[in-house]
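Observations on chain architecture
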Amino acid sequence: MQTRQPLARPESLGEMFWAFTFLALQGFGGVLAVSQRMLCERKRWLSHKQDVAALALAQVLPGPNVCNLALIVGDRFFGWRGAFTALAALMAAPLVLVLAITVAYAHYSHVPMVAGAIKGIGAVSAGLIVATGLKLLPALHENTMRLPACLLFGGATFIAVALMGWPLIGVLFGIGLIACAYAWLRISAAERALTQTEQS
Amino acid sequence: MSASMMLFAAAIVPTMESMSAIASGATTTPIAALIGTPIAAAHGAPELFVLFGHLLMLSLLAVGGALAVVPDVRRVMVTSMGLLTDAQFNASVAIAQAAPGPNVLFVAALGYQAAGFAGAAVALFGILLPSSTLAYAVARWGHARRNWRPVRAFQAGMAPIVVALVFGTGWTVAAQALDWRALVLAAVIALVAWRTKVHVVVLISGGAVAGALGWI
């Protein structure tokens, strides 16, 4: 499914600005799904593994996840100018649209077709978000914690957040801390094994 | 999170029952009020200043994304400051969800309703400035130390949790539809987007058309 072409770099701030503008304008009900398509598949600026790592940081830090992701990716390639450009591109066009849609919706919200269209868009965006999750799964194969442990921590998180509706901050500090501690042990064990092989 | 989703569900994904309510103009009133608000005159600079301070603080509490702070923004703007009505608040969240782009734009819509374009700018800067500065600083710090064991343990440990949160968001957005046809469409779209390279805009337009024709 995933082609193994080498990764690319954005050539200029302008290219990055337009990539994030397009990405933002396609992000109905969540930019995250589109960001993966644009950054990993179309532009090839990030591998899926790098995308998951950047997302992990973007989600754990406070603030809008996509905005944090834009800052992280922008900074990676062009320093603070890149971070600012990516964030500005992400916000500018959608901001204009949100204010414009407010006016338009006020005029046409009584039309059942408009309400239906918005419902259809909602269902599609749910599907797109799930597809994003499915595409991120292969990145877990390379994880140092191995797949069963990943499924355990992931499953527990899904149940707590989506099904039980627990506050995210508690889940992040609870399950997150245990998972990071376990990953630490795995990395330590792997490094110890490596030094022993080198010595013998 | 779930509270904000319910807000969204209540405001923008009408069930068959509430369709008639919309048709009769029950939900157009707050949005009409939004457009017609005599903006700058209603609320002065001191309120804007207080709001800015609140949003600066909320910015650093928005772990898990912008929608996580919806209940608290409502508490500040509607209950304690009285800048907006509940109906105006709901309309902002719904519009930001329906429009493309980051969901955090609901804060700009709220600011606009409270104090016009100045309000939108103040609110958006307030909610973004602290978290963005922190994200920028931590990203640099983490990238410079990416081979350091705690950073590697953090990235490996958080990876499955992040993937699970993506599924969780998809589940939450799908579950608010409360309708088997919408759930089937969501499942089909998930498969198509996972396995093919069909453009997102095509999928979204398809969903909009299917919904407009009343198939969903």
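Residues numbered from 1 in each chain as written. Chains lettered and ligands numbered in written order. Predicted model: local features only at pLDDT ≥ 70, side-chain atom pairs only at ≥ 80, totals over all residues. Heavy atoms only, no water.

1. Remarks on the overall build of chain A
The condition that has to hold: A run of H or I in DSSP becomes a helix once it reaches four residues, and a run of E becomes a strand once it reaches two; helices and strands are each numbered from the N terminus. Only protein chains enter the accessibility calculation, which uses a 1.4 Å probe; a residue is then buried when its area is under 20% of its type maximum, exposed when over 50%, and partly exposed in between. In what follows, residue pairs with any heavy atoms lying within 4.5 Å of each other are defined as contacts.
Tallying secondary structure elements over chain A gives 7 helices and 0 strands in all. Counting helices and strands in the order they occur from the N terminus, chain A gives α-α-α-α-α-α-α. Relative to its full complement of 200 residues, chain A shows a buried share of 55%. Residue pairs in contact within chain A that sit at least 24 positions apart in sequence constitute 60% of those at least 6 positions apart.

2. A few points about the environment of Phe22 of chain A
Assignment of secondary structure puts Phe22 of chain A in helix 1 (residues 13-26). Taking the C-alpha atoms as reference points, Phe22 of chain A and Ala93 of chain A, 71 residues apart in sequence, are found 9.1 Å from one another.

3. Describing the packing of helix 5 (residues 45-61) of chain B against helix 8 (residues 105-144) of chain B
All names here are of chain B. Condition: Simply put, an axis is a line fit to the C-alpha atoms, just over the touching stretch for a helix, and the angle between two N-to-C directions goes from 0 to 180 degrees. Each crossing is labelled by how the near helix is turned from the far one, with a counterclockwise turn of less than a right angle marking it left-handed and a clockwise turn marking it right-handed. Under the convention adopted here, Pro, Cys and the residues Ala, Val, Leu, Ile, Met, Phe, Trp and Tyr are nonpolar, Asp, Glu, Lys and Arg are charged, and Gly plus all remaining residues are polar.
Between helix 5 and helix 8, whose axes approach to 8 Å, the crossing angle comes to 35°. Crossing of helix 5 against helix 8: the hand is right-handed. In terms of residue class, the contact of helix 5 with helix 8 is built from 16 nonpolar, 4 polar and no charged.

4. Here's the deal with the interface of chain B and chain A
How big an interface is tends to be stated in terms of the accessible area lost upon association of its parts. To keep it simple, the criterion reads: Between Lys or Arg on one side and Asp or Glu on the other, a salt bridge is scored when a side-chain nitrogen of the former is within 4 Å of a carboxyl oxygen of the latter.
With 92 residues of chain B in contact, the opposing surface of chain A contributes 98 residues. Where chain B packs against chain A, one counts 3 salt bridges. A salt bridge links Arg149 of chain B to Glu191 of chain A, with the shortest nitrogen-to-oxygen separation between them at 2.5 Å. The greatest single-element share of the side of chain B that touches chain A, amounting to 24 residues, is contributed by helix 9 (residues 149-175) of chain B. A per-class count over the side of chain B that touches chain A returns 67 nonpolar, 19 polar and 6 charged.

5. Here's the deal with the packing of aromatic side chains
The condition is simple: Here a pair means two rings of Phe, Tyr or Trp (six-membered ring of Trp) with centres within 6.5 Å. Their orientation is stacked below 30 degrees between planes, edge-to-face above 60, and tilted elsewhere. Charge-over-ring contacts are defined here by two conditions on Lys NZ or Arg CZ: a distance within 6 Å of the ring centre and an angle within 35 degrees of the ring normal.
As enumerated under the stated definition, the model contains 7 aromatic pairs over all chains in all. Note that Arg149 of chain B overlies the ring of Trp184 of chain A, its terminal NZ or CZ placed 5.6 Å from the centroid. A cation over a ring is seen here: Arg195 of chain B above Trp194 of chain B, with NZ or CZ 4.2 Å from the ring centre.

6. With respect to the pattern of salt bridges
Following the criterion strictly, the structure yields 5 salt bridges over all chains and no others. Asp75 of chain A is the partner of Arg140 of chain B in a salt bridge, and the nearest nitrogen-oxygen pair spans 2.9 Å. Taken together, the residues span two chains, with Arg140 of chain B in helix 8 and Asp75 of chain A in helix 4 (residues 65-108). For Arg140 of chain B, a relative accessible area of 41% puts it in the partly exposed group.

7. Here's the deal with helix 5 of chain B
Residue and element names in this part refer to chain B. The line we're drawing: An expected span of 1.5 Å times one less than the residue number is assigned to each helix. Here the arc refers to the directions that run from the helix axis out to each C-beta atom.
The first and last C-alpha atoms of helix 5 sit 25 Å apart over 17 residues, in line with the 24 Å expected at 1.5 Å per residue. Among the residues making up helix 5, those that are buried are Leu48, Leu51, Leu55, Leu58 and Ser59. Projected down its long axis, helix 5 shows its buried positions confined to an angular sector of 105°, all on one face. Opposite its buried face, helix 5 presents the exposed residues Pro46, Phe49 and Leu61, each directed more than 90 degrees away.

8. Some remarks on the confidence of the model for chain B
Residue and element names in this part refer to chain B. For clarity, the threshold we go by: pLDDT is defined as a per-residue confidence score from the predictor, taking values between 0 and 100.
On average, residues of chain B carry a pLDDT of 74, and 72% of them reach 70 or more. For chain B, the element scoring lowest by mean pLDDT is helix 2 (residues 16-23), at 35; helix 10 (residues 180-195) scores highest, at 89. Taken as a whole, residues 1-42 scores under 50 in pLDDT and shows 64 contacts with residues more than four places along the chain or in a different chain. Prediction confidence for the complex, expressed as pTM and ipTM, is 0.67 and 0.76 respectively.

9. As for the confidence of the model for chain A
Averaged over all residues, the pLDDT of chain A is 84; the fraction at 70 or higher stands at 92%. Within chain A, no element has a lower average pLDDT than helix 5 (residues 112-136) of chain A, which sits at 79, and none a higher one than helix 1 of chain A, at 91.

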